[in-house]
Amino acid sequence: MAGNVLIFIALLALGFVGVVLWRARRHEARSEASHPPEGEFLEVDGHRVHVVIRGSGPDLVLIHGASGSTRDMTFELVRHLEDRYRVLVFDRPGLGYTDRLHGKGATLIEQADLLSKACAQLGAPRPIVCGQSYGGAVALAWAVHFPNRLSALVPVAAVASIWETPLDGYYRTVSHRWIGPLAIPLITAFVTDSYVDRVMASIFTPQTEPKGFGAYFGTGLTIRRAALRANALQRANLLAEIHALYPRYGEISVPTEIIHGDEDTIVPHWNHAERLVTRISGAQLTILPGVGHMPQHVAARDVAAAIDRAAHRAALH
């Protein structure tokens, strides 16, 4: 009798696993069908890189933040820039439609190296590099470690300084060595896009999410299994990487325009932007009154103006 019970429990467990994997695959397929790649693909060091190219003029790279994709930049910001720049919008490794580099969480340096090599393939060996939030940290790593591969730097609401808040429970779970791979399929299978939409909307505080952004962005792309894992590992490793990067900001010599909202509670300006500007010779800081963590949407003209200033200082306009 006990053996029959165990067999029954095992069959139930296998059935549940099968349902979870089936629902996760279905969710991923539905998300990719509704929000396919916007751009084209390159192969860089054996890795597929997704890039959207718009406009003409001096080369400008836009790098999205955590849980993002090219759509975070093409929804609003690109249209303020494509009349005077050749804008290259990349999916970072493991997110959107760019391949993961490996299973450990691509470092800031690895991401900057990959994207800068992609730029070189596209005939943009020294672009202006603009990154938002986590993407701003990638841009800073680019400027520190590959100074001959960019002409100017524009960190937007960028993660730049050391902080004390511990990694939250969600990221501890999904980045965990063995709990993460167990939890992630459950998230992909059962968390609804509408729930993720509500979480995403909260990131715009104190502003409201722009009308139509959630539908355009495709939140289902962010909870695909590979994307969840890649994003979690990158986020879990970020503080240690900033510890290593922070002492080297003084090496940055390209024109730098920093822009940050003073109501940003996710990456507070006083800890990140105001400390960063003191460490880069000649850097200029623009504080946006009343703006939260998403200036590329709610203050796109101000971000574009900062890029224009950087381009002018780099003698590109």
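Heads up: these notes are all about the structure in this document. Fair warning: this is a prediction, and the values are worked out from it, not measured in the lab. All residue numbers refer to position in the chain's written sequence, counted from 1. Restriction of local features to residues with pLDDT of at least 70 applies here, the model being predicted, together with a cutoff of 80 or more for giving and counting side-chain atom pairs; totals for whole chains, interfaces and linings are based on all residues. Note: side-chain values were computed over all heavy atoms of the structure, leaving out hydrogens and water.

Our next topic: the overall build of the chain. Put simply, DSSP marks the helices as runs of H or I at least four residues long and the strands as runs of E at least two long, and each gets a number from the N terminus on. Summing up its helical and strand segments, the chain has 12 helices and eight strands in all. Split into buried and exposed, the 317 residues of the chain put 52% on the buried side. Residue-level accessible areas treat just the shown protein chains as cover; the underlying method is Shrake-Rupley with a 1.4 Å probe. Of the roughly 13,700 Å² of accessible surface on the chain, a fraction of 58% belongs to carbon and sulfur atoms. Residues counted as positive are Lys and Arg, residues counted as negative are Asp and Glu, and His and the chain ends are not counted. To locate a charge, take NZ of a lysine, CZ of an arginine, CG of an aspartate or CD of a glutamate. Between the averaged position of the 30 positive side-chain charges in the chain and that of its 29 negative side-chain charges there is a distance of 5 Å. Buried means the residue's accessible area, taken with a 1.4 Å probe over protein chains only, is under 20% of the maximum for its type, while exposed means over 50%, and partly exposed covers the values in between.

Aromatic pairing here means that ring centres of Phe, Tyr or Trp (its six-membered ring) are within 6.5 Å. Orientation follows from the plane angle: under 30 degrees is stacked, over 60 is edge-to-face, and everything else is tilted. Summed over all chains, the structure comprises six aromatic pairs. Between Tyr170 and Tyr171, the ring centres sit 5.1 Å apart and the planes meet at 65°, which makes this aromatic pair edge-to-face. Pairing Phe213 with Phe217 gives two aromatic rings, centres 5.2 Å apart and planes at 25°, and the pair type is stacked. In this pair, Phe213 and Phe217 both sit in helix H8 (residues 213–217), four residues apart, roughly one turn of the helix. Judged by relative accessible area, Phe217 falls into the buried class, the value being 2%.

Let us now look at the packing of helix H3 (residues 108–121) against helix H9 (residues 225–245). The contact between H3 and H9 brings their axes to 9 Å, and the two run at 90°. Comparing the axis directions of H3 and H9 gives the class roughly perpendicular. Of H9, the residues touching H3 (which contributes Leu108, Ile109 and Gln111) are Gln234, Leu238, Glu241, Ile242 and Leu245. Gly counts as polar in this scheme, as do all residues outside two lists: the nonpolar Ala, Val, Leu, Ile, Met, Phe, Trp, Tyr, Cys and Pro, and the charged Asp, Glu, Lys and Arg. Of the residues that constitute the contact of H3 with H9, the class distribution is five nonpolar, two polar and one charged. Between the N-to-C directions of two axes lies an angle of 0 to 180 degrees, each axis being a line fitted to C-alpha atoms and, for a helix, fitted only over the stretch in contact. Should an angle fall under 35 degrees it is taken as roughly parallel, and over 145 as roughly antiparallel, whereas 65 to 115 is taken as roughly perpendicular and any remaining angle as oblique. Residues count as neighbours in contact if any of their non-hydrogen atoms are within 4.5 Å of one another.

Owing to its 3.6 residues per turn, the α-helix aligns residues three or four sequence positions apart on the same side. The span one expects for a helix is its residue count, reduced by one, times 1.5 Å. Taking 1.5 Å per residue as the helical rise, helix H6 (residues 179–190) with its 12 residues ought to reach 16 Å, and the 17 Å between its terminal C-alpha atoms agrees with that figure. Among the residues of H6, Gly180, Ala183, Ile184, Pro185, Ile187, Thr188 and Ala189 are the ones counted as buried.

Right, let's talk about the layout of surface pockets for a bit. Using only the protein atoms, space was sampled on a 1 Å grid; points where a 1.4 Å probe fits but cannot get out form cavities, open sets with protein on both sides within 12 Å along at least five of seven lines form pockets, and lining residues are those with an atom within 4 Å of a point. Grid points are joined across faces, edges and corners, and a volume is the space filled by probe spheres set on the points. Each pocket or cavity is described by its volume, and for the largest pocket that value is around 1,200 Å³. If you trace the largest pocket, you find 41 residues lining it, with Ala66, Ser67, Tyr171, Ile203 and Arg235 closest to the centre. At the level of secondary structure, the elements contributing two or more residues to the lining of the largest pocket comprise helix H5 (169–175), helix H7 (193–202), H8 and H9. For the lining of the largest pocket, the leading source of residues is H7, giving five residues. Its residues placed into classes, the lining of the largest pocket shows 25 nonpolar, 13 polar and three charged.

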